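Survey of secondary and tertiary structure
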Amino acid sequence: MAKVVKSTQDDLLFIKVKAILVTGNDSSGVGNIHNIVVFPNNQEHMVIPSRFFNSLRSTIERVMSSHSDHDQKFTIDTALKDDDNLCDDFNSMGLSIAIGIESCLNDWNEVWEDVWEEWCFTGEVKDSQGVIGEIGGARAKLETAIEAKKIRYIMIPSENRQEITNWIKRKQNINYKVNPSRSIGIKDTGKSPYFFSRLWTLSTSNIFMWFALIIWSLSVAYLPIRYFLWDNFQSLKQGDTHITINLPVKNPKKVRERLLNSGFPHDQIKDIPLLRLSERLVETNKTGRVLFKNRDGVIEFEIINSRDLTLILSYICGGYIVLFVAILVIASLRKESGNIVHKSLSINYDSIHFADMDKEIMFVDNIKQAESIVKYKIC
Amino acid sequence: MVKDMLSLEDIEIDLEELKRARKEGLPIADWRKTALRLFIKLCINGEEASCDLSKILSKKLAIESMAELDSYFNIFGFVGDGEKHKWQKLSNQLRMIYSS
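Computed from a predicted structure; not experimentally measured.

A short note on the overall build of chain A
Helix and strand content of chain A: 12 helices and 14 strands. Among the 379 residues that make up chain A, the fraction classed as buried is 25%.

Next up, the structure:
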């Protein structure tokens, strides 16, 4: 009995896209449809056959730049043979590669698995902004795509529109309808990054933000040290013969224990007017610290001002911590609302519909537009 | 089944060595040795009637083997038509695995 094997997540990473190339001589070139495979490999860009790598390197890099994604790498099997006699260059494969990469990077790759055979593409990615430029042999490519039974959607650069329209007009046996430029609403189902992910992206977006983040981390580390451990540090620095205590004293018993543990004589510790010192400070509405010194068994104490540089620095750090977080949160929320605005964008495109054959030719100017049309049609 | 699993592990190891040899560039002898080891292993597995290559290799392994061996043959060429013919046959099998 035949067994239906369900695609695994790993299988879905293999995206197939139809590209049309022209083989033969320039004057009598014939279109060939190649099912190219796009696969994310996480290491480096590779092209099969590798002798075409240099021809496709700039195309792949432009596609990745238009996605603002330089970390993800891909293996692209062009399905070409070393001895293929091509009369156009590989640049026209750019739009197919762009769609394959977009499918790998987005959540419509599963849907794409079911419909990829209905689509074919040809167009050169001209720059890192994703502009799609004119291709050669457009008529030969279109003829081949029209003849292929499974293909329903053919995407061609807008710069070839006049050439294609003129060619169709001369054809007597094609029943076609030119659709004027129309707008489609794009429902973006792509998941926006989580809030904390956006925060991290913002805080590490450039060298200045990295620097600000490091200062923020140091400030966060400094505050508890200054408020909870500073006395211990001070005492450590001055040795057992000196102990610094914050005033007012909240727990005299604990302070006395600490003095005792540090070798201060017991009979003198009990005579220290800790509470009176605190009350005095409260009366004068002041804060401060008291420095106890053990001078050969005789305790001396001195009230010192707590408003030193370390305290001022702690205020600055506290302010900086709050300010940095507030700016990041506001920027992150604004970015999210920006994404929502982007979701409501509409895309314009021209098309020609062949009523008898149920085929549609779409003219596109840039990668984003092409991807949006595919997404609109399949999702 | 045990045989298949062992072969898969061997192929994975050979493939990783081949990747490393290519990235390090030199010595060329090492690159050649590792590439031919993987090539022969895949050819033998592919030729055995009882052992279908598509049952051993995952799509990922197939495309990575294809990319690495293709890169190797592009630089070093073939030692005779026999090797070229074998590679054409193997590359068709590999492409069929990851294109299916």
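Picking up after the structure, the text goes on.
Comments concerning the overall build of chain B
Each helix and strand in chain B was counted, giving five helices and zero strands. Ordered by position in the sequence, the α and β elements of chain B form the string α-α-α-α-α. Looking at chain B as a whole, 34% of its 100 residues qualify as buried. Counted over contacts in chain B with a minimum sequence separation of 6, partners at least 24 positions apart contribute 70%.

Describing the interface of chain A and chain B
Interfaces are often described in size by the accessible area the parts lose on coming together. The partner chain B presents 11 residues to the 14 residues of chain A that form the contact. Contributing elements (two or more residues each) for the side of chain A that touches chain B: strand E2 (30-40), strand E3 (46-48) and strand E4 (74-77) of chain A. Considering every element that reaches the side of chain A that touches chain B, the biggest residue donor is E2(A), with three residues. Split into classes, the residues belonging to the side of chain A that touches chain B amount to six nonpolar, three polar and five charged.

Examining the packing of helix H4 (residues 59-76) of chain B against helix H5 (residues 80-99) of chain B
Relative placement of two packed helices is described by the angle separating their axes and the distance separating the axes. Residue and element names in this part refer to chain B. Relative to each other, H4 and H5 sit at 150°, their axes nearing to 8 Å. Relative to H5, the element H4 lies roughly antiparallel. Between H4 and H5 lies a crossing of left-handed hand. Where H4 abuts H5, its residues Lys59, Ala62, Ile63, Ser65, Met66 and Phe73 lie against Trp87, Ser91, Leu94, Arg95, Ile97 and Tyr98. Its residues assigned to classes, the contact of H4 with H5 comprises eight nonpolar, two polar and two charged.

Looking at the nonpolar core
Residues and elements named next belong to chain A. If you look at the biggest cluster of nonpolar residues, it comprises 76 residues, and the most contacted ones within it are Val38, Ala98, Met155 and Ala370. Excluding anything up to four places from it in sequence, valine 38 contacts Ile15, Val17, Phe74, Ile76, Ile97, Gly100, Ile101 and Cys104. Ile245, Leu259, Phe264 and Val290 belong to the second largest nonpolar core, which has six residues in total.

Thoughts on the pairing of strand E14 (residues 359-364) of chain A
Residue and element names in this part refer to chain A. Among the six residues of E14, five are classified as buried, and the element is accordingly described as predominantly covered. For strand E8 (residues 153-157) and E14, the ladder comprises five bridges, and the chain directions are parallel. For isoleucine 156, the partnering residue across the bridge sits in E14 and is phenylalanine 363. As paired strands, strand E13 (residues 346-354) and E14 are joined by five bridges and run antiparallel to one another. Bridged to histidine 353 within E14 is glutamate 360.

Comments concerning the environment of Met93(A)
Residue and element names in this part refer to chain A. Mapping methionine 93 onto the fold places it in the loop between E4 and helix H2 (94-105). Assessed through the 31 C-beta atoms surrounding it within 10 Å, methionine 93 is described here as buried. With 74 residues separating them along the chain, methionine 93 and alanine 19 place their C-alpha atoms 5.9 Å apart. In this view, methionine 93 contacts Ala19, Leu21, Ile36, Thr59 and Thr78; residues no more than four positions away in its chain are not counted.

A word on the confidence of the model for chain A
Any segment with low pLDDT has predicted coordinates that should not be analysed in fine detail. On average, chain A scores 80 in pLDDT, and the residues at 70 or more come to 82%. Note on residues 1-6 of chain A: pLDDT under 50 across the span, and zero contacts to partners over four residues away in sequence or across chains.

Topic: the pairing of strand E1 (residues 15-23) of chain A
All names here are of chain A. Most of E1 sits out of view: eight of its nine residues are buried. Where E1 meets E2, nine bridges bridge the pair, whose relative direction is antiparallel. By the bridge assignment for E2, alanine 19 is matched with histidine 34.

Here we look at the environment of Lys60(B)
Residue and element names in this part refer to chain B. Tracing the chain through its elements places lysine 60 in helix H4. Taking the number of C-beta atoms within 10 Å as the measure of exposure, lysine 60 has 17 and is therefore partly exposed. Residues lysine 60 and isoleucine 97 lie 37 residues apart in sequence; the distance between their C-alpha atoms is 9.3 Å.

Digging into H4(B)
Between its terminal C-alpha atoms H4(B) stretches 26 Å, which fits the 26 Å expected from 18 residues at 1.5 Å a residue. The first or second residue beyond H4(B) is Gly77(B), which carries a positive phi of 75°.

Considerations on the packing of H2(A) against helix H12 (residues 367-378) of chain A
All names here are of chain A. At their nearest, the axes of H2 and H12 sit 10 Å apart, and the two run at 60° to each other. Comparing their axes, H12 and H2 come out oblique. Pair H2 / H12 crosses with right-handed handedness. Only Ile367, Ala370, Glu371 and Val374 of H12 make contact with H2, whose side of the interface consists of Leu95, Ala98, Ile99 and Glu102. Its residues placed into classes, the contact of H2 with H12 shows six nonpolar, no polar and two charged.

A short note on the confidence of the model for chain B
All names here are of chain B. Looking at chain B as a whole, the pLDDT averages 82, with 85% of positions reaching at least 70. Between the elements of chain B, mean pLDDT differs from a low of 77, seen in helix H3 (residues 53-56), to a high of 92, seen in H4. Counting interchain partners and residues more than four positions distant, the pLDDT-below-50 stretch residues 1-6 has two contacts. Of the two predicted TM-score estimates for the complex, the pTM is 0.65 and the ipTM is 0.87.

Criteria and cut-off values
Sequence positions are assigned chain by chain, starting from 1 and proceeding in written order. All chains are assigned letters beginning with A, and all ligands numbers beginning with 1, in the order in which they are written. Given that the model is predicted, a residue must reach a pLDDT of at least 70 before its local features are reported, and side-chain atom pairs must reach 80 or more before they are shown or counted; all residues, however, enter totals for whole chains, interfaces and linings. Numbered from the N terminus, helices here are DSSP runs of H or I no shorter than four residues, and strands are runs of E no shorter than two. Partly exposed residues are those whose C-beta has more than 12 but fewer than 20 other C-beta atoms within 10 Å; with 20 or more the residue is buried, with 12 or fewer it is exposed, and the C-beta atoms are placed from the backbone. Residues are treated as contacting if the C-beta atoms built from their backbones sit within 7 Å of each other. Gly counts as polar in this scheme, as do all residues outside two lists: the nonpolar Ala, Val, Leu, Ile, Met, Phe, Trp, Tyr, Cys and Pro, and the charged Asp, Glu, Lys and Arg. What counts as an axis is a line fitted to C-alpha atoms, over the stretch in contact for a helix, and the angles between N-to-C directions run from 0 to 180 degrees. Between 65 and 115 degrees an angle is taken as roughly perpendicular, under 35 as roughly parallel, over 145 as roughly antiparallel, and anywhere else as oblique. Two helices crossing with the near one rotated counterclockwise from the far one by less than a right angle form a left-handed crossing, whereas a clockwise rotation gives a right-handed crossing. In this description, a nonpolar core means buried residues of the types Ala, Val, Leu, Ile, Met, Phe, Trp, Tyr and Cys, linked to one another by C-beta atoms lying within 7 Å. Here, strands pair whenever DSSP counts at least two bridges between them. Think of pLDDT as the predictor's per-residue confidence, scored from 0 to 100. By this rule, a helix spans an expected 1.5 Å times one less than how many residues it contains.

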